[in-house]
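Here are the chains, one letter per residue:
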Amino acid sequence: VKMNERNTSLNGWIYNVKDETTQNYINIRIIPQMAYYSTKSQQCKAAYMKWMKVSIFIGILIPVASIFADGSIAMKAIIAFLGASSAAITSYLSLQNYQKLWENYRSNRELTLSILLAYFTNSGEFSEQKTDEERNALLVDKCEMIFTEETGVWKDSIRSQ
């Protein structure tokens with residue numbers, strides 16, 4: 001399912017939410033947060049992939065350059081530079097945590113979407129056995145729990161740098 005089709009479906013479901021406060025919460029809090037997670041996930045994935053490709057390319061160049069090593073100081077310097085560059089990129093990736101952040105943002109977006117879909121379809125914890133007020137409160141509680149946990153991960157990431 002393409003993103004536009006998914007957004008059109010979500011907009012239709014949001015429009016049908018009876019409680020205006022909950023409808024506003026979904027439009028003002030949940031949807032923008034999901035868009036943030038999606039954007040950040042894509043950015044972290046792109047950065048991770050870019051730096052990994054560079055690291056792989058440099059790693060390939062090291063043995064190729066060593067074939068041409070004739071004992072000259074210039075070739076030794078090139079090989080040393082390539083090795084240091086590879087180590088620097090690996091350290092940079094470890095420091096920035098792009099892969100972990102990419103996975104975390106993607107996971108939070110999909111979890112939030114799952115909660116929203118369960119709410120719209122009256123399934124799981126949002127079953128029709130609950131009142132609308134209970135369902136609305138549960139939606140806010142579950143989404144805010146995800147958002148709060150994500151903030152904790154972000155703070156931990158900053159502390160570890």
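Residues numbered from 1 in each chain as written. Predicted model: local features only at pLDDT ≥ 70, side-chain atom pairs only at ≥ 80, totals over all residues. Heavy atoms only, no water.

*Asks:* Just to check I follow, could you spell out the environment of Asn7 for this structure?
*Replies:* Its place among the elements puts Asn7 in helix α1 (residues 3–15). Overall, the relative accessible area of 32% leaves Asn7 in the partly exposed class. Sequence separation between Asn7 and Ile26 is 19 residues; the distance between their C-alpha atoms is 13 Å. (Helix = DSSP H or I, 4+ residues; strand = E, 2+ residues; numbered from the N terminus. Buried < 20%, exposed > 50% of the residue type's maximum accessible area, 1.4 Å probe, protein only.)

*Asks:* I keep staring at the pattern of salt bridges and nothing clicks. Help me out?
*Replies:* Opposite charge on two side chains makes pairing possible when the charged atoms of those side chains draw close. Inspection of the entire model under this criterion finds five salt bridges. In this structure, Glu144 engages Arg29 in a salt bridge whose closest nitrogen and oxygen atoms are separated by 2.8 Å. Within this pair, whereas Glu144 is found in helix α5 (residues 132–159), its partner Arg29 is found in helix α2 (residues 20–67), the two being separated by 115 residues in sequence. For Glu125, the salt bridge is made with Lys142, and the minimal N-O distance between the two is 2.8 Å. Of this pair, Glu125 sits in the loop between α4 (98–120) and α5 while Lys142 sits in helix α5, and the two are 17 residues apart along the sequence. Of the residues examined, Glu125 reaches a relative accessible area of 44% and is grouped as partly exposed. Classification of Lys142 as buried rests on a relative accessible area of 18%. Sharing partners across several salt bridges, the network here consists of Arg106, Arg109 and Glu110. (Salt bridge = Lys/Arg side-chain N within 4 Å of Asp/Glu carboxyl O.)

*Asks:* Help me understand the environment of Ala65 in this model?
*Replies:* In this fold, Ala65 is placed in helix α2. C-alpha of Ala65 to C-alpha of Met75: the two residues are ten residues apart in sequence and 7.4 Å apart in space. Not counting the four nearest positions on each side in its chain, Ala65 is found in contact with Met75, Ile79 and Leu82. (Contact = heavy atoms within 4.5 Å.)

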